[in-house]
Amino acid sequence: MNRFWTAMLRFTIVRSGTVTWMSAGFAALILMTAFAVAGFLYQQHGSDAVRHTIEVDGRLARALSALQDAETGQRGYVISGDEAFLAPFLAGRAAFHRDLDRLRDLVRDNPEQLAQLDRLRDLAARFDGDLDASVALRRSGDAAGSARLVREGQGKRTMDAIRALIREMEAHEAALLDARQALVSRIALAIWITVAALVVLLVVLAASAIREAGRRANLARFLPEELSDRLADEDDSLRAGRRQNAAVAFVDMRGSTALAETLDPHALSQFLTAFRRRVMRVARLRGGVVDKFIGDGALIVFGLPEPRPDDAARALAFARDLVAVIERWNARSEDRAPIRIGVGIHYGDLFCGIIGEDMRLEFTVLGDTVNVAARLEQATKTHGVPILVSEAVLAAAGDGEGVGPWREVSRAPLRGRTEAMAYLTPAEAGEPARATSLSIEPGGGRLYPVGT
């Protein structure tokens, strides 16, 4: 069990290289999007700065114009005494103070501009005092005194100071605009350079991903998917080869030669594809790896890419499931004769590994365990049963799922072998099942179930 989890940890670490590259690609894409959004926002910030300057300059111009309107109304009233000139005088003063309030809102974050605005308000208050004094004299009937106050008063000098201060404020706002735009330009340039670099990185990662996908696809052409992923992730344990225990199942279809004589090539191809699809589906359901299809047969290994404690039990469950699936397929197919299959399973030590070059790889399992499984499958024809398994499989399976009751078929040596061994088939309802006690095989040091 510890060996299994150690292998899984190694597998996870090996795959982490691919995950790292994928994560880097996603991170680059996210960063590129973030920087692009930041660049857009900074460009918007630059546009906002331009609009701010335009509004400040406009308010300053309107404030000066309002103050000039008030001055014009005041002088018209002083000269003519016509009350009609008081309306633009009063309206101009009110508009001037409204513009000052709006300007304060616009520059509230800049202490220097606020100080300038306070100076402008003080000058405006002094100018208002001069205007009010001349208007008050004219209203009292002292036209000469009012005119003399206009000529000799501080109004003109105050107005000149106001104009100079407004020009100073406009220049200060223009300087702020230049500084803001320069900063925005530098930041925007840095952002877009970063975006360009991220685009290049993303292209490189995409190219790497395409090459990796092509490499994986090339491996998948020759290797089972469960193994091609491991090799693509640079796990060299399979390429180097290793010895391990595994359950091997051989599957073969009976009567395929006669069937081929009755079907045209296209129909035969479709039939064999349907058969292989069912074998593949049941094998994957039980965690087996289809090593290869051999005509109308298949070699399935339970214990890849890493051995598991229930390999033998899953192999037995696979055999039962596949026989049941074929029976259901026969029941639904009325346009052909029912097909039969033979399944032979053995468990033991074997060598597994990947051989060949990258352009033509092949996964291979070698050893006596493979040979015995093949002989058991062939023996199903002789004994007329769909499944034959060795005692070694049942011993390894223990009480796992799919084990069920079994009966001994024979102990005669399999074809091509001299050593006698017991092989069994699933017990049907009502048949006496073999006992499940264990004994030690002489000289072998392994536990095998023995019949009664």
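Note that the structure is predicted; figures quoted are calculated from it, not measured.

1. With respect to helix 11 (residues 368-383)
Inference 1: Between the first and last C-alpha of helix 11 there are 22 Å, a value that for 16 residues agrees with the 22 Å anticipated at 1.5 Å per step.
Inference 2: Those residues of helix 11 that sit buried are Thr369, Val370, Val372, Ala373, Ala374, Leu376, Glu377, Ala379 and Thr380.
Inference 3: Once helix 11 finishes, Gly384 follows within two positions and takes phi at roughly 65°, a positive value.

2. Notes on the pattern of salt bridges
For side chains bearing opposite charge, pairing can occur when the charged atoms are close.
Inference 1: Taken as a whole and judged by the stated rule, the model has 19 salt bridges.
Inference 2: Notably, a salt bridge pairs Glu306 with Arg242, separated by 4.0 Å at the nearest N-O pair. A residue pair is termed long-range when its members are at least 10 positions apart, and Glu306 in the loop between strand 3 (297-302) and helix 10 (311-332) and Arg242 in strand 1 (residues 242-254) qualify at 64 residues. Comparing Glu306 with Arg242, the two get one shared label, buried.
Inference 3: The salt bridge partner of Arg254 is Glu377, with a shortest N-O separation of 3.1 Å. Linking Arg254 in strand 1 with Glu377 in helix 11, this pair joins segments that are 123 residues apart in sequence. One exposure class covers both Arg254 and Glu377, and it is buried.
Inference 4: Look at the salt bridges and you will find they share partners, linking Arg308, Asp310, Asp311 and Arg314 into a network.

3. Re the packing of helix 3 (residues 111-139) against helix 4 (residues 143-152)
In helix packing, the relevant descriptors are the interaxial angle and the interaxial distance, both defined with respect to the helix axes.
Inference 1: Where helix 3 contacts helix 4, the two axes come as close as 7 Å, and the packing angle between them is 160°. Comparing their axes, helix 4 and helix 3 come out roughly antiparallel. Here the hand of the crossing between helix 3 and helix 4 comes out left-handed. Along the contact surface, helix 3 presents Asp130, Ala133, Ser134, Leu137 and Arg138, while helix 4 presents Ala143, Gly145, Ser146, Leu149 and Val150.
Inference 2: Looking at the contact of helix 3 with helix 4 residue by residue, the classes come out as 5 nonpolar, 3 polar and 2 charged.

4. What about the packing of aromatic side chains?
Inference 1: According to the stated counting rule, one finds 2 aromatic pairs in the structure shown.
Inference 2: Ring centres of Phe271 and Trp329 lie 5.3 Å apart, and the angle between their planes is 15°; this geometry places the pair in the stacked category. Linking Phe271 in helix 9 (residues 265-285) with Trp329 in helix 10, this pair joins segments that are 58 residues apart in sequence. Both residues of the pair, Phe271 and Trp329, belong to the buried class.
Inference 3: Considering the side-chain rings of Phe302 and Phe318, the 5.6 Å spacing of their centres and the 50° angle between planes classify their relative orientation as tilted. Residue Phe302 is found in strand 3, and its partner Phe318 is found in helix 10; the two are separated by 16 residues along the sequence. Each member of the pair, Phe302 as well as Phe318, is classed as buried.
Inference 4: Sitting over the ring of Trp329, Arg278 keeps its end group 4.2 Å from the ring centre.
Inference 5: Positioned above the aromatic ring of Trp406, the side-chain terminus of Arg320 is 4.9 Å from the ring centre.

Cut-offs and rules
Residues numbered from 1 in each chain as written. Predicted model: local features only at pLDDT ≥ 70, side-chain atom pairs only at ≥ 80, totals over all residues. Heavy atoms only, no water. Helix = DSSP H or I, 4+ residues; strand = E, 2+ residues; numbered from the N terminus. Expected span 1.5 Å × (residues − 1). Buried < 20%, exposed > 50% of the residue type's maximum accessible area, 1.4 Å probe, protein only. Salt bridge = Lys/Arg side-chain N within 4 Å of Asp/Glu carboxyl O. Axes fitted to C-alpha atoms, helices over the stretch in contact; angles between N-to-C directions. Parallel < 35°, antiparallel > 145°, perpendicular 65-115°, else oblique. Left-handed = near helix turned anticlockwise from the far one by under 90°. Contact = heavy atoms within 4.5 Å. Nonpolar A, V, L, I, M, F, W, Y, C, P; charged D, E, K, R; others polar. Phe/Tyr/Trp six-rings, centres within 6.5 Å; stacked < 30°, edge-to-face > 60°. Lys NZ or Arg CZ within 6 Å of the ring centre and 35° of its normal.

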